[in-house]
Amino acid sequence: MIPYEDLYQLNQTFMDDYRKSFDDSMDKGWYILGNKVSTFENEFAAYCGGGHCAGLASGLDALVLALRYFNFPEGAEVIVPSNAYIATILAVYHNGLVPVLVEPDISTYNIDPAKIPQAITSKTRAIMVVHLYGKCCDMEQVLQIAGAHGLKVIEDCAQAHGATFKGKKAGTFGDFGAFSFYPTKNLGALGDGGALLSADEDKIAEIKAVRNYGSREKYHNDYIGINSRLDEIQAGFLSVKLSRLQEINAHKRKLAAIYDQELNTNFIRPAVHSDYGDVYHIYAVRHPERDRLREYLLRNNIRTEVHYPVPPHRQKALKNKLGGAYPISETIHRTILSLPVSYCHTQEQVAHVAAVMNAF
Ligand SMILES: Cc1ncc(COP(=O)(O)O)c(C=O)c1O
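Quick caveat: nothing in here was measured; it's all calculated off a predicted structure. (Residues numbered from 1 in each chain as written. Predicted model: local features only at pLDDT ≥ 70, side-chain atom pairs only at ≥ 80, totals over all residues. Heavy atoms only, no water.)

Here we look at the packing of aromatic side chains
Counting across every chain of the model gives 19 aromatic pairs. Their ring planes at 90° and their centres at 4.8 Å tell us that Phe44 and Phe179 sit as a pair that is edge-to-face. Of the two residues, Phe44 is situated in helix α3 (residues 35-47) and Phe179 in strand β8 (residues 176-180); the sequence distance between them amounts to 135 residues. The pair Phe44 / Phe179 is uniform in exposure class, with both members buried. Relative to Phe181, the ring of Phe44 lies with its centre 5.6 Å away and its plane at 85°, an arrangement referred to as edge-to-face. Here Phe44, found in helix α3, pairs with Phe181, found in the loop between β8 and β9 (194-198); they are 137 residues apart in sequence, far enough to count as distant. Here Phe44 and Phe181 have matching classes, each one buried. Here a set of aromatic residues connected by ring pairs shows up, and it is made of Phe40, Phe44, Tyr47, Phe179 and Phe181. Directly above the ring of Phe176 sits Lys203, whose terminal nitrogen or CZ lies 6.0 Å from the centroid. Across from the ring centre of Tyr93, 4.9 Å away, lies the NZ or CZ of Lys321, which sits over that ring. (Phe/Tyr/Trp six-rings, centres within 6.5 Å; stacked < 30°, edge-to-face > 60°. Helix = DSSP H or I, 4+ residues; strand = E, 2+ residues; numbered from the N terminus. Buried < 20%, exposed > 50% of the residue type's maximum accessible area, 1.4 Å probe, protein only. Lys NZ or Arg CZ within 6 Å of the ring centre and 35° of its normal.)

This is how it looks when you write it as structure tokens:
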């Protein structure tokens, strides 16, 4: 059976270094906000091309705290893609704000900048883009629209560690870049984790206080904070993984290139363009008979996933909250299929998947 993902296998390569980092934490006896968190924050900011980083407990917290930083009035509107992962939209609700869904471009699956202006009202305060599947949005157009309307820009980079647009890394375009280190991510921990990135040191200093009960100085609380600290032991694991992220992304690109080359034209493959350095967190194809294709692959010992089967506006939790019709999003959710493209897969496995697909 070719798994969709095998985290045990994926992490074997890094196990010796994880163990060294873990032993070091055990020897030092420092478990919360120590050297490993600050080291990782500095390393990750440097990897992304500069700026400052605050390690947090999850990607969702990163999105929630990024929006919260701006203290928008209750009921203010935030533009998000209609095919976003649910976390992006939950972050808007957790701040008492209103998500306004904008349809994606059917070829990139990312928010369509041409559709943003018509969604802007006097209540709009921010655009929250999602660099879905490991491909950056067209940030030139997003920033241009945001600048023209005085809107903040938050990038959901949970699937885009190291992805680039015109040579610049995801998370460095907007006011904040929000990252998740959920174990399956290209830069995944061995548990939960997240981070915010910003060019503005003051913003990150405030986020670091807010994540720790609003405290810059022990027992002195400047903000109504929360507990959303990146775990010290996970930060150690993340430094290990970060030192190999380039290799992980290169491997996934190599696998993606095999699919790109081998898959026949019955499958709609991911868009490829020289402006975009994609990192293929997910390699998604579209096919009109997605469910039958998925069953066929399973019968042939190939596991796949669907990211995502239900669009946000059809989720029970959001029923009667999100009006409007989202036909592009519906088409994507009905036809999309994620193929094995993990660091744990070999080129031979991926070539086999492509060959089995072509015989469908
Ligand atoms: C696009 C996107 N945004 C946000 C999140 C939330 O991250 P986390 O699971 O770390 O809270 C995820 C991860 O699952 C994601 O894929």
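Continuing now.
A word on the environment of Tyr4
Within the secondary structure, Tyr4 sits in the segment before α1 (7-12). Look at Tyr4 and you get buried, because its relative accessible area is 14%. In this structure, the C-alpha to C-alpha distance between Tyr4 and Asp260, residues 256 residues apart in sequence, is 18 Å. Those residues in contact with Tyr4, other than ones at most four positions away along the chain, are Ile282, Arg303, Thr304, Glu305, His307, Ser338, Leu339, Pro340, Ser342 and His345. (Contact = heavy atoms within 4.5 Å.)

Considering the side chain of Ser228
Examined against the element boundaries, Ser228 turns out to sit in the loop between β11 (220-221) and α8 (232-242). Among the polar contacts made by the side chain of Ser228, one reaches the side chain of Asp61 at a distance of 2.5 Å. Setting aside residues no more than four positions away along its own chain, Ser228 makes contact with Gly55, Leu56, Ala57, Asp61 and Arg211. (Polar contact = N/O pair within 3.5 Å; in protein donor to acceptor, adjacent residues only side chain to side chain.)

Looking at the sheet that holds strand β3 (residues 98-102)
As summarised here, the arrangement of the seven strands in space is β1-β9-β8-β5-β4-β2-β3, forming an open sheet in which the pairing is mixed. Among the strands making up the open sheet, the edge pair consists of β1 (52-56) and β3. Averaged over all pairs of adjacent strands, the angle between their axes in this sheet comes to 25°, without regard to strand direction. Pairing geometry for strand β5 (residues 152-156) and β8, over three bridges, is parallel. In the sheet register, Ile154 faces β8, and the bridge partner there is Phe176. Along the sheet, helix α5 (residues 86-94) contacts β2 (77-81), β3, β4 (124-130) and β5; its crossing angle with β3, the most-contacted strand, is approximately 150°. Here helix α7 (residues 201-210) sits on the sheet in contact with β1, β8 and β9, set at roughly 15° to β1. (Pairing = 2+ DSSP bridges. Axes fitted to C-alpha atoms, helices over the stretch in contact; angles between N-to-C directions.)

With respect to helix α12 (residues 347-358)
Look at α12: 17 Å from first C-alpha to last across twelve residues, which is about the 16 Å you get at 1.5 Å a residue. All of the buried residues in α12 are Val350, Val353, Ala354, Val356 and Met357. One side of α12 holds all its buried residues, which, seen down the axis, span an arc of 165°. Where α12 is buried, its residues touch α9 (245-262), β13 (283-286), α10 (290-299) and β14 (336-339). (Expected span 1.5 Å × (residues − 1). Arc of directions from axis to C-beta.)

A look at the sheet that holds strand β6 (residues 164-165)
Taking strand neighbours across the sheet as the criterion, the three strands line up as β7-β6-β12 in an open arrangement whose pairing is antiparallel. Both outer strands of the open sheet, β7 (168-169) and β12 (276-277), are each paired with one neighbouring strand and no more. With two bridges connecting them, β6 and β12 associate as antiparallel partners. Bridging from a neighbouring strand, Phe165 pairs with Tyr276 of β12.

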